[in-house]
Amino acid sequence: MAQITNRLTPFFENITFDRDDNELILNFGPQHPSAHGQLRLMLHLQQEQIVKAHPDIGYLHRGMEKMAENMIYNEFMPTTDRMDYIASSSNNYGFALAVEKLIGLEVPRRAKVIRMMLLEINRIMSHLFWLATTALDIGAMTVFLFAFREREYLMDIIEGYCGARLTHSAIRIGGVPLDIQDSFLVQLKTFLDKLPQNIKDYEDLLDTNRIWLMRMEEVGHISKELSLSWGCSGPMLRASGTAWDIRKEEPYELYDEVEFKVPFSDKGDNFARYRIYMEEMRESAKILYQTMDMYGACVKNNQTELMAHAPKYISASKLDIMTQNYSLMQHFVLVTQGMRPPVGEVYVATESPKGELGFYINSQGGPYPYRLKLRAPSFWHTGILTDLLPGHYIPDVVSIIGTTNIVFGEVDR
Amino acid sequence: MRAYTPKDDVQAKPYYTDRFYVSPQVPKEAVENDAVFAADLAAIKAKFEVSDAYIQVGQMVVYIHAKDNYGVLELLRDELEYTQLTEMSAIDWLAKENKFEIFYQMLSMNKRKRVRIKMFIENGQAVNSVNELFRSADWSEREMFDMFGIEANGHPFMKRILLPYDWQGHPLLKTYPLEGDEFAAWYEVDKIYGKEARDIIGPELRDPAKVDRYDSDRFARLGHEVPKGTVITGHEPKIEQSYQEEGGVFMIKKFDKKSSVVIDDPQR
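Quantities reported herein were computed from a predicted structural model and do not represent experimental measurements. (Residues numbered from 1 in each chain as written. Chains lettered and ligands numbered in written order. Predicted model: local features only at pLDDT ≥ 70, side-chain atom pairs only at ≥ 80, totals over all residues.)

1. Points about the overall build of chain B
Inference 1: When helices and strands are counted, chain B shows six helices and eight strands.
Inference 2: Reading chain B from its N end, one meets helices and strands in the order β-α-β-β-α-β-α-β-β-β-α-β-α-α.
Inference 3: The 268 residues of chain B split such that 25% are buried.
Inference 4: Intrachain contacts of chain B at a sequence separation of at least 6 include 47% that bridge at least 24 residues. (Helix = DSSP H or I, 4+ residues; strand = E, 2+ residues; numbered from the N terminus. Buried ≥ 20, exposed ≤ 12 C-beta atoms within 10 Å, placed from the backbone. Contact = placed C-beta atoms within 7 Å.)

In structure tokens form, the structure reads like this:
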């Protein structure tokens, strides 16, 4: 019997038994501990098997696109932190790069190197977090503790750089605000030297673990066609047989100067995605070693500039602002009124740890973007659950949500 | 008489713009400058009407007629190797020309090229759904409907996606107010408790960060609490804090803070 709702009696929508067939509708979330955020899945079940899945999102919607339309460009930067809050520098970077492309700015080399370091540290942080939480969902507590321990070292390094552990705002439009601290490279090198052994520890715990293999292998298979059709990107795409990494194919920053491989697989199941995350951490470590050398070269060549020189858009250095009248005036205008990028539009995609993070900006020459669209990879990686889950069993839902690596800060924006 | 404020664009406006300020333009290149784009454009032009096309920041922008969107995207996917629809959404031009602009952001991995297909629709007009070509459009079109109220014909589940189903209005329209009015302050109270509870509950505080610095009884006056409504002189006596419940605490027989000893030195 269907429930009759009024405004005083609550509507129990968790389970309904009002159908003639055996189908059970089960609400998975939005407070399910393994839903990795505010995901609500309405699952139609035949016994334990899912026949229809309906992901419901929006529980973390903050209207970031609307906020962006009513903010000056620099004001929006801390908001981007709150998208993919596991790797917030990559969001900062995506937005900064989009505005720089719109203006046509060239960022100084030293800032580029620092940005690349931050991006790759964020990638390792994000992948460690993914590994920890997914392993915890499957029941591997040790991996969770190990991976969080390593992530903590990286968070300490980032904290030393920008003062924040989660919401970095460490990248500005036009460069980076600060040079890295003295201990940065030493700490990073200590961490990187230890990382291969750490990754091997995780793999020793998981690769031949019977439970892990049963939950991962041949579960959550995404075909190449489906992954392309659903707009998948990042590890979700690469695990399904497309070797596409934006860092490699459409290089931004100095990614064309560093050597790294793009791991991919044609298996398309959970285990393939797990392997890709592990390999990507190794590749990121490789990139970080190279950026450390590049930073050394910058120091040697006395390339000290950290922000682009464009008085119409970017404030001058602190020293100039404090000593030169015109720089102070420019700074005052840029802070109170905001920069006014040229009329036009731009779509810039960067490879965030989760996939293709895109910023579409339509500027009408004003200090606020006329339209800003955030293209967050997790949005489609949640949508694909509609087609992916039917046929699977309830325990598989947990491992599939785990390997899709969705973060609801960027799904709901 | 009140000053007239236009209601078709209520978004934040720059408070100062120089009278003689002329915005620069992001440069546009001709499509012929890029051989790959030129071939793609020729293929589109052979079958469909193209009103404008150019390259901006490395990506080709093609303006098509709204009725052709399914056909153009099908052509791009099947013949021109644009295998992914990475993004699609709309732009609100209602205040200027009563139109929406819709864009489809396409990606070709084989060619390493991105193309933006754009079209204009009238206010109230629906678009053809491209869900059957690209599953990613399923959620994108729902989001577009949620944010702009633009419906997609042939979509299997045209409902809101991010906002609740009973939400009024479409937030990314330029006519959407940035903050609530006096009706908004009562909306949730009326809906949940009924109008008759207005006196008991009071209006909703729309800006939770707002602090009235003259309203001193809202502040936590730790150790100096007074009953609500008391006139505060600033000379209230300090009240000894004691969180022990009236009838004693479960399992704890006798606890009196005054007679208990606090050990300051853990190494004693």
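2. Notes on the overall build of chain A
Inference 1: Check the secondary structure of chain A and you find 17 helices and six strands.
Inference 2: For chain A, whose C-alpha radius of gyration is 23 Å, the value lies close to the compact-globule estimate of 22 Å for 413 residues.
Inference 3: Dimensions of chain A along its principal axes, counting C-alpha atoms only, are 80 × 55 × 35 Å.
Inference 4: Burial status across chain A gives 49% buried among its 413 residues.
Inference 5: By sequence separation, contacts in chain A at least 24 residues apart represent 68% of the contacts at least 6 residues apart. (Rg over C-alpha atoms; globule rule 2.2 N^0.38 Å.)

3. As for the nonpolar core
Inference 1: A98, V99, I121, L131, V143 and I361 of chain A are the most contacted members of the largest nonpolar core, which has 117 residues in total.
Inference 2: Not counting chain neighbours up to four residues away, the residues in contact with A98 of chain A comprise V346, V348, F359 and I361 of chain A.
Inference 3: In this structure, L85, V115, F134 and M144 of chain B belong to the second largest nonpolar core, which totals 40 residues. (Core = buried A, V, L, I, M, F, W, Y, C linked by C-beta atoms within 7 Å.)

4. A word on the sheet that holds strand β6 (residues 371-375) of chain A
Residues and elements named next belong to chain A.
Inference 1: Pairing within the open sheet is antiparallel, and its three strands lie in the order β4-β5-β6. At either end of the open sheet lies a strand with only one pairing partner, and these are β4 (344-352) and β6. Strand after strand, the sheet turns through a mean of 10° between neighbouring axes, direction not considered.
Inference 2: Pairing analysis gives nine bridges linking β4 to strand β5 (residues 355-363), with the strands arranged antiparallel. The residue of β5 that forms the bridge with E345 is N362.
Inference 3: Helix α3 (residues 88-103) rests against β4 and β5 of the sheet, and its axis sits at about 150° to β4. (Pairing = 2+ DSSP bridges. Axes fitted to C-alpha atoms, helices over the stretch in contact; angles between N-to-C directions.)

5. Section: the domain arrangement of chain B
Inference 1: According to the domain assignment, chain B consists of domain 1 (28-153) and domain 2 (182-218).
Inference 2: Each of domain 1 of chain B and domain 2 of chain B has a C-alpha centre, and the two are 45 Å apart. (Domains from an automatic or database assignment.)

6. Notes on the interface of chain A and chain B
Inference 1: Taken residue by residue, the interface counts 43 residues in chain A and 35 residues in chain B.
Inference 2: Broken down by secondary-structure element, the contributors of at least two residues to the side of chain A that touches chain B are α1 (64-69), α3, α8 (224-229), β4, β5, β6 and α14 (377-383) of chain A.
Inference 3: Residue composition of the side of chain A that touches chain B, grouped by class: 14 nonpolar, 14 polar and 15 charged. (Nonpolar A, V, L, I, M, F, W, Y, C, P; charged D, E, K, R; others polar.)

7. Thoughts on the sheet that holds strand β5 (residues 99-108) of chain B
All names here are of chain B.
Inference 1: Pairing in this open sheet of six strands is mixed, and the strands run β1-β2-β3-β6-β5-β4 from one edge to the other. Every other strand in the sheet has two partners, leaving β1 (28-29) and β4 (84-93) as the edge strands with one partner each.
Inference 2: Sheet topology note: the strand β3 (residues 59-64)/strand β6 (residues 113-122) ladder contains four bridges and is parallel. If you follow M60 over to β6, its bridge partner there is V115.
Inference 3: Sheet strands in contact with helix α2 (residues 69-78) are β3, β5 and β6, and its direction is about 170° off that of β6.
Inference 4: Helix α4 (residues 136-148) rests against β4 and β5 of the sheet, and its axis sits at about 15° to β4.

8. A short note on the pairing of β4 of chain A
Residues and elements named next belong to chain A.
Inference 1: Burial analysis of β4 places nine of its nine residues in the buried class, the great majority of the element.
Inference 2: Neither face of β4 is open: one carries G344, V346, V348, T350 and S352, the other E345, Y347, A349 and E351, and all of them are buried.
Inference 3: Here β4 hands over to β5 after two residues, the two strands then running antiparallel side by side.

9. Some remarks on the pairing of β3 of chain B
All names here are of chain B.
Inference 1: Where strand β2 (residues 50-56) meets β3, six bridges bridge the pair, whose relative direction is antiparallel. Bridging from a neighbouring strand, A53 pairs with V62 of β3.
Inference 2: Counting the residues between successive antiparallel strands, the hairpin from β2 to β3 contains two residues, one of them, V57, with a positive phi of roughly 45°.

10. A short note on unusual backbone geometry
Inference 1: Its identity as a non-glycine residue notwithstanding, E218 of chain A has a phi of 60°, on the positive side.
Inference 2: Looking at the secondary structure, you find E218 of chain A in the loop between α7 (210-216) and α8.
Inference 3: Given 12 C-beta atoms within a 10 Å radius, E218 of chain A is considered exposed.
Inference 4: Of note, the phi angle at R112 of chain B is positive, near 55°, even though the residue is not glycine.
Inference 5: Assignment of secondary structure puts R112 of chain B in the loop between β5 and β6.
Inference 6: Among the residues examined, R112 of chain B registers 12 C-beta atoms within 10 Å and is labelled exposed.

11. What about the environment of A239 of chain A?
All names here are of chain A.
Inference 1: Among the secondary structure elements, A239 is positioned in the loop between α9 (235-238) and α10 (246-249).
Inference 2: Considering only alpha carbons, one finds A239 and T350, 111 residues apart in sequence, at a separation of 19 Å.
Inference 3: Ignoring anything within four residues of it in the chain, the contact list for A239 reads S265, K267, G268, A272, R273 and I276.

12. Looking at the packing of helix α11 (residues 270-300) of chain A against helix α16 (residues 394-404) of chain A
Two quantities define a packed helix pair, namely the angle between the axes and the distance from one axis to the other.
Residue and element names in this part refer to chain A.
Inference 1: Where α11 meets α16, the axes come as close as 10 Å, and the angle between the chain directions of the two elements is 35°. As for how α11 packs across α16, the hand of that crossing is left-handed. Contact residues: α11 offers N270, R273 and Y274, while α16 offers S399, I400 and T403.
Inference 2: Its residues assigned to classes, the contact of α11 with α16 comprises two nonpolar, three polar and one charged. (Left-handed = near helix turned anticlockwise from the far one by under 90°.)

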